[in-house]
Amino acid sequence: MRLHPGETEAAGRRVVSVRDAVRRLLDASPGVTGRPRVIAIDGRGGAGKTTLAERLRAAVPGSAVVHTDDIAWNHAYFDWGAVLAENVLRPLHRGEAVDFRPDAWIAHDRPGSITVPAGAEVVWVEGTGVVRAELAPWLDASVWVQGDLDEQERLLLARDGDSPEQREHVANWLREELPFLLRERPWARATMIVAGPPHVGHDPDTEMVVAPPTGPRG
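A brief structural summary. (Residues numbered from 1 in each chain as written. Predicted model: local features only at pLDDT ≥ 70, side-chain atom pairs only at ≥ 80, totals over all residues. Heavy atoms only, no water.)

Let's talk about unusual backbone geometry
For step 1, the next point in the chain: The residue aspartate 109 is not glycine, and still its phi comes out positive at about 55°.
For step 2, the next point in the chain: As for its placement among the helices and strands, aspartate 109 is situated in the loop between α5 (103–107) and β5 (114–116).
For step 3, the next point in the chain: Overall, aspartate 109 belongs to the exposed group, its relative accessible area being 67%.
For step 4, the next point in the chain: Backbone geometry at arginine 185 places phi at a positive 45°, although glycine is not the residue there.
For step 5, the next point in the chain: Relative to the assigned elements, arginine 185 resides in the loop between α7 (164–184) and α8 (186–189).
For step 6, the next point in the chain: Judged by relative accessible area, which is 29%, arginine 185 ranks as partly exposed. (Helix = DSSP H or I, 4+ residues; strand = E, 2+ residues; numbered from the N terminus. Buried < 20%, exposed > 50% of the residue type's maximum accessible area, 1.4 Å probe, protein only.)

This is the structure:
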């Protein structure tokens, strides 16, 4: 598996059912009452975070997904932690619904808002950079999706193209992502690592390949 320097490849992979993976994540915060559990899903671009978030949402009826790309849109690549905490995570911890229009949405006339209904059992917050020290007090459990960079780059190319503008965007993104993730080490902070694409045979409809964090949590 090709990884960026500084990231440790997960060991001890094993196949579990999606139901068992969800149970383990919920069990990481057994004392939560009166509000949804907030579970983060982190990983590099093209790792499969959004797909995983939808699988987990489907496995927990009444749960919801928040995408950090919506917080970061026309705002910053990674400097959005305080915005997420104040406008999404804080109301969730109070057991309230979320209906938030970021300033950039207003400035650029983007319609709609980021919404989470009251009464959700779990809110899955997915996006690169969400498993960070700044947000740790707000997260009940977390996942790092680890995959081979060659495969991730192939998927990003198929999804986003290879125009000069896209290449410039990727270069600017990596200029911030690499030092940020090396500092935060989400693969060591996470409750579990999900191998994606997995190197172990499994049923992708009902099972996941998981591993423990790759080192002591920072």
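Some words on the pattern of salt bridges
For step 1, the next point in the chain: The final tally for this structure, using the stated rule, is 13 salt bridges.
For step 2, the next point in the chain: Among the ionic pairs, glutamate 54 bridges to arginine 57, the shortest N-O distance being 2.9 Å. Separated by three residues within a single helix, glutamate 54 and arginine 57 lie in helix α2 (residues 49–59), roughly one turn from each other.
For step 3, the next point in the chain: Note on glutamate 54: relative accessible area 32%, which makes it partly exposed.
For step 4, the next point in the chain: Because the salt bridges share partners, they merge into one network encompassing Glu7, Arg44 and Glu177. (Salt bridge = Lys/Arg side-chain N within 4 Å of Asp/Glu carboxyl O.)

What about the pairing of strand β8 (residues 192–195)?
For step 1, the next point in the chain: Side chains of β8 alternate between two faces, with Met192 and Val194 and Ile193 and Ala195 buried alike.
For step 2, the next point in the chain: Examined bridge by bridge, strand β7 (residues 141–146) and β8 share four bridges and lie parallel to one another. Bridge pairing in β8 places valine 143 opposite methionine 192.
For step 3, the next point in the chain: Bridge count between β8 and strand β9 (residues 207–211): two bridges; the pairing is antiparallel. (Pairing = 2+ DSSP bridges.)

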